[in-house]
Amino acid sequence: MTVYTPPGQPGSIVEYRSRYDHWIGGEYVAPAGGEYFENPSPVTGRTFTEVARGTADDIERALDAAHGAAPAWGRTSVTERANVLNAIADRIEANVERIAVAESWENGKPVRETLGADIPLAVDHFRYFAGAIRAQEGSISEIDGDIIAYHFHEPLGVVGQIIPWNFPILMATWKLAPALAAGNAVVLKPAEQTPASILYLMDIIGDLLPPGVVNVVNGFGAEAGGKSPNVFFSDVADARDDFYDKALEGFTMFAFNQGEVCTCPSRALIQSDIYDQFLGDALERTKAAVQGNPLDTETMIGAQASNDQLEKILSYLDIGKAEGARVLTGGERVDPGGDLSGGYYVAPTVFEGKNSMRIFQEEIFGPVVSVTDFGDYDDAIKTANDTLYGLGAGVWTRNGTTAYRAGRDIQAGRVWTNCYHAYPAAAAFGGYKGSGVGRENHKMMLDHYQQTKNLLVSYSGVRDGFF
């Protein structure tokens, strides 16, 4: 067990700046409007740094820097770009502990998650896209004996990227790594709730990139995602074995990252004939989760990312109770005491109710799961798909046929089968329905940041190498 000293205190491995400007053209640049906003830690509710508030003038300056850097970066060989991405991965890996603590302090998630998942995954994504760009090939089509079509991948030039607050560094990496690999320059806007951790990262890796290739402008913006079903078929309870324990752990994933995950399995659907047994065991597992200081590696559930998010979750707890849903555990704000009393903590909450209720249909983005039962396979699929969203879903079964059918029939961009919340770089990620279009991760993401140049060349009549 390790309890990290909070940033700014003697003995801490992390030292945030007292004030951050925008990162433009490879250096810190004061905001055009001269304004800064306070950035509190959700761990304590107290401000730990100030961050520049962006305006249109700041965006224009960042765009100028990006447009200035883009041509040379786009012409840089794929080998050199891959080397830069690998160097970034190496630098992050050498500083995993510092970066993990810094992000936990700003976001409120347990450091065990940032240490074990978020930052190592960021390292892996940079390495993955370094490999993907080197492995990417163009194509040649023979139209006829004299005409050849060449296809080349070219960068878009300058791209804008908006990063949410639930995974400030990992989601920045999801977007930065393929965009940089493809040869683009970037203007990135972190969430207003979590701007400092990406700037902390730029202090560590900024010198590895040519000035202007990555620019960060802070201070305005938003978020959205899903209402993911997590479906437990009755055969999961055929035996109280390792698989059964794994399924119970899959149920408690609703509290992962304090429920602040777009793919949070916030609707649990349990087949009727195992409903009482499975739910009872799942509630025991939920109540055993350790909530408290995010900088303690024993902590499983930390603080919500902001006071606004805390208030939103608390309002939904009231809505659920007013709808007639039954609170099986949780349902209130938590005061851990001491220095943490001003932080933004909510108890993991399990509601029992009907799929038509608002708490089943509307994204809460907190450690709240709404549970209902289903009769047969068709009932499970109908209930799972009864949502405006379609980002993620979970299926738990020992039956291979059921697993395949459910995975195909559920309307979601990713269906975890007998697992949940795994985010490998090589797996496509994206949504259906109201959860948006497009894909993150996977080598197809390179195509998102590239355009295809076609040279259609006729060699008819060519003499001595000239047309």
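These numbers come from a predicted model, not from an experiment.

1. Some words on the overall build of the protein
In terms of regular secondary structure, the protein is built from 13 helices and 22 strands. Burial analysis of the protein (467 residues in total) assigns 55% to the buried set. Partitioning the intrachain contacts of the protein with sequence separation of at least 6 by distance along the chain shows that 74% fall at a separation of at least 24. Summing over all exposed atoms, the protein offers an accessible surface of approximately 19,000 Å²; the carbon and sulfur share of this is 49%. Across the protein, 37 positive and 60 negative side-chain charges occur, with their mean positions spaced 2 Å apart.

2. Observations concerning the layout of surface pockets
In this structure, the second largest pocket occupies an estimated 470 Å³ of space. Within the residue set of the lining of the second largest pocket, elements represented by two or more residues are helix H4 (111-135) and helix H8 (275-287). Grouping the constituent residues of the lining of the second largest pocket by class yields ten nonpolar, three polar and four charged.

3. Some details on the pairing of strand S20 (residues 414-417)
The two faces of S20 differ: Arg-414 and Trp-416 on one face are buried, but Val-415 and Thr-417 on the other face are not. By the bridge criterion, four bridges tie strand S19 (residues 392-396) to S20 in an arrangement that is parallel. Along S20, the bridge assignment pairs Gly-394 with Trp-416.

4. Observations concerning the nonpolar core
In terms of nonpolar packing, the biggest core is built from 105 residues, with Tyr-16, Ile-92, Leu-180, Phe-251, Ile-270, Phe-278 and Val-371 touching the most fellow members. Excluding its chain neighbours within four sequence positions, the residues that come into contact with Phe-251 are Asn-230, Phe-232, Ala-268, Ile-270, Phe-278, Leu-279, Ala-282, Thr-286, Val-350, Val-369 and Val-371. Among the nonpolar cores identified, the runner-up in size contains 15 residues, and Ile-319, Phe-351, Ile-359 and Val-368 belong to it.

5. Brief notes about the packing of aromatic side chains
According to the stated counting rule, one finds 22 aromatic pairs in the structure shown. Taking the centre distance of 5.1 Å and the plane angle of 90° together, the rings of Tyr-128 and Phe-129 count as edge-to-face. The aromatic ring of Tyr-377 is capped on one face by Arg-405, whose charged end is 3.9 Å from the ring centroid.

6. Comments concerning the packing of helix H2 (residues 78-94) against H4
One can describe the packing of H2 onto H4 by two numbers: an axis separation of 8 Å at closest approach and a directional angle of 165°. By the angle class used here, H2 and H4 are roughly antiparallel. Relative to H4, H2 is oriented so that their crossing is left-handed. Between H2 and H4, the contacting residues are Val-78, Thr-79, Arg-81, Ala-82, Leu-85, Asn-86, Ile-88, Ala-89, Asp-90, Ile-92 and Glu-93 on the first element and Ile-119, Val-123, Phe-126, Arg-127, Phe-129, Ala-130, Ile-133 and Arg-134 on the second.

7. What about the sheet that holds strand S13 (residues 326-329)?
Taken in spatial order, the seven strands line up as S13-S16-S17-S12-S11-S19-S20 in an open sheet, and their pairing is mixed. Edge positions in the open sheet fall to S13 and S20, since each of these has one partner strand only. Across this sheet, the average inter-strand angle for adjacent strands is 25°, counted without regard to direction. Alignment of strand S12 (residues 267-271) against strand S17 (residues 368-374), held across five bridges, turns out to be parallel. Note on S17: the bridge partner recorded for Arg-267 is Ser-370. Those strands touched by helix H9 (residues 307-323) are S13, strand S16 (349-352) and S17, and its axis lies near 25° from that of S16.

About the criteria used
- Residues numbered from 1 in each chain as written.
- Predicted model: local features only at pLDDT ≥ 70, side-chain atom pairs only at ≥ 80, totals over all residues.
- Heavy atoms only, no water.
- Helix = DSSP H or I, 4+ residues; strand = E, 2+ residues; numbered from the N terminus.
- Buried < 20%, exposed > 50% of the residue type's maximum accessible area, 1.4 Å probe, protein only.
- Contact = heavy atoms within 4.5 Å.
- Areas by Shrake-Rupley, 256 points an atom, 1.4 Å probe, with all protein chains shown as cover.
- Lys, Arg positive; Asp, Glu negative; His and termini not counted.
- Charge placed at Lys NZ, Arg CZ, Asp CG, Glu CD.
- 1 Å grid on protein atoms, 1.4 Å probe; cavity = no way out; pocket = protein on both sides within 12 Å on 5 of 7 lines; lining within 4 Å.
- Points joined across faces, edges and corners; volume = space filled by probe spheres on them.
- Nonpolar A, V, L, I, M, F, W, Y, C, P; charged D, E, K, R; others polar.
- Pairing = 2+ DSSP bridges.
- Core = buried A, V, L, I, M, F, W, Y, C linked by side-chain atoms within 4.5 Å.
- Phe/Tyr/Trp six-rings, centres within 6.5 Å; stacked < 30°, edge-to-face > 60°.
- Lys NZ or Arg CZ within 6 Å of the ring centre and 35° of its normal.
- Axes fitted to C-alpha atoms, helices over the stretch in contact; angles between N-to-C directions.
- Parallel < 35°, antiparallel > 145°, perpendicular 65-115°, else oblique.
- Left-handed = near helix turned anticlockwise from the far one by under 90°.

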